[in-house]
Amino acid sequence: MRFFAFDSFEGLPEPVGLDKQSLDFKEGKFATTIDQLKKNLRANKVPEKKVHIIKGWFDDTLNEENLRAHQMDQAVLIHVDVDYYQSAKTVLEFVTPLLQNGTVIVFDDWYNYRGNPELGEQRAFREWLEEHDEWIAVEYHKSGPWRNSFIVNRRSSGSG
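Residues numbered from 1 in each chain as written. Predicted model: local features only at pLDDT ≥ 70, side-chain atom pairs only at ≥ 80, totals over all residues. Heavy atoms only, no water.

1. Looking at the overall build of the chain
Note the threshold: Comment: elements are numbered from the N terminus, with helices defined as DSSP H or I runs of at least four residues and strands as E runs of at least two. Computation of the radius of gyration draws on C-alpha atoms alone. For the globule rule, the value is 2.2 Å times the number of residues to the power 0.38.
When helices and strands are tallied, the chain shows five helices and six strands. For the chain, the N- to C-terminal ordering of α and β elements is β-α-β-α-α-β-α-β-α-β-β. Taking 160 residues into account, the globule formula puts the C-alpha radius of gyration at 15 Å, and the chain, at 16 Å, falls close to it. Principal-axis analysis of the C-alpha atoms places the extent of the chain at approximately 55 × 40 × 30 Å.

Set out below in structure tokens:
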């Protein structure tokens, strides 16, 4: 099993559009270093050799080139920890070709924006499901005050 960590390590980008509606997020918030990520991996006994770190902004790294370069073709678990609506939309489009029946998508910031379903990850996921009606999702597991997850499956054709 391999894990991929996509991060700018520069913190949040400047909020735009819908994401400006929260006073909780500012450009640069949550900045960290690759060394800190590696320290966290070691502390949680995650073998570093199984984690591929791809540094950069999502618009620059979530692309076909990285899918091919890292031979990504299926995902069992996708952890979306992006805070922003626009970032969640970008991530969901990137992972679409990796989905398979039973893929679990964890949204780390599901209840940001005071749980408003018209903002953040909730809105992005709802819109993604509307745009990709070949997929259905069932709520799976909530944890902590912010996180929610879903199991996705390809919609059956109705025949048979």
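2. Description of the pairing of strand β6 (residues 147–154)
Rules: Two strands are counted as paired when DSSP detects at least two bridges linking them.
Examined bridge by bridge, strand β4 (residues 103–107) and β6 share five bridges and lie antiparallel to one another. Paired with Phe 107 across the two strands is Asn 148, which belongs to β6. Two elements, strand β5 (residues 135–143) and β6, share seven bridges in a ladder whose sense is antiparallel. Bridged to Glu 139 within β6 is Phe 150. The turn joining β5 and β6, which pair antiparallel and follow one another in sequence, is formed by three residues; a positive phi near 65 degrees is taken by Gly 144.

3. Concerning the sheet that holds strand β3 (residues 77–80)
Under the convention used in this document: Convention adopted: a line fitted to C-alpha atoms gives each axis, helices being fitted over their contacting stretch, and angles between N-to-C directions are expressed from 0 to 180 degrees. Throughout, a residue-residue contact means that at least one pair of heavy atoms, one from each residue, lies within 4.5 Å.
Judged by pairing direction, the sheet is mixed, and its four strands sit side by side in the order β3-β4-β6-β5 without closing on themselves. Since the sheet does not close on itself, it has two edges, and those belong to β3 and β5, each with one partner. Ignoring strand direction, the axes of neighbouring strands in this sheet form an average angle of 20 degrees. Contacts from helix α5 (residues 120–131) reach β3, β4, β5 and β6 within the one sheet, and its direction differs from that of β5 by about 155 degrees.

4. Section: the nonpolar core
Soluble globular proteins tend to pack their nonpolar side chains together in the buried interior. Short version of the rule: The criterion is simple. A nonpolar core is a set of buried Ala, Val, Leu, Ile, Met, Phe, Trp, Tyr and Cys residues joined through side-chain atoms within 4.5 Å. For each residue, the accessible area found with a 1.4 Å probe, counting protein chains only, is set against the maximum for its type, and the residue is called buried under 20%, exposed over 50%, and partly exposed in between.
Of all hydrophobic cores here, the largest spans 27 residues; its most connected members are Ile 105, Phe 107 and Phe 125. Within the residue set of this core, elements represented by two or more residues are β3, α4 (85–95), β4, α5 and β6. Apart from the residues lying within four places of it in its own chain, the contact partners of Phe 125 are Leu 92, Ile 105, Phe 107, Trp 110, Ala 137, Phe 150 and Val 152. Counting residues in hydrophobic clusters, the runner-up holds five residues, among them Leu 12, Tyr 84, Tyr 113 and Leu 119.

5. Let's talk about unusual backbone geometry
Unlike most non-glycine residues, Lys 45 shows phi in positive territory, near 60 degrees. Its place among the elements puts Lys 45 in the loop between α1 (34–43) and β2 (51–55). Residue Lys 45 is classed as exposed on the basis of its relative accessible area, which comes to 73%.

6. Examining the pattern of salt bridges
This is how the line gets drawn: Salt bridges are identified by distance alone: a Lys or Arg side-chain nitrogen within 4 Å of an Asp or Glu carboxyl oxygen.
Here the structure, examined in full by the defined rule, presents ten salt bridges. Between Glu 118 and Arg 123 there is a salt bridge whose closest N-O contact spans 3.9 Å. For Arg 123, a relative accessible area of 21% corresponds to the partly exposed category. Taking the shortest distance from any N to any O, the salt bridge between Arg 123 and Glu 127 comes out at 2.7 Å. With Arg 123 and Glu 127 both in helix α5 and four residues apart, this pair spans about one turn of that helix. Taking relative accessible area as the criterion, Glu 127 reaches 11% and is therefore assigned buried.

7. A few points about the environment of Asp 60
Looking at the secondary structure, you find Asp 60 in helix α2 (residues 58–61). Taking the relative accessible area as the measure of exposure, Asp 60 reaches 54% and is therefore exposed. Residues Asp 60 and Ser 8, spaced 52 residues apart in sequence, show a C-alpha to C-alpha distance of 9.7 Å.

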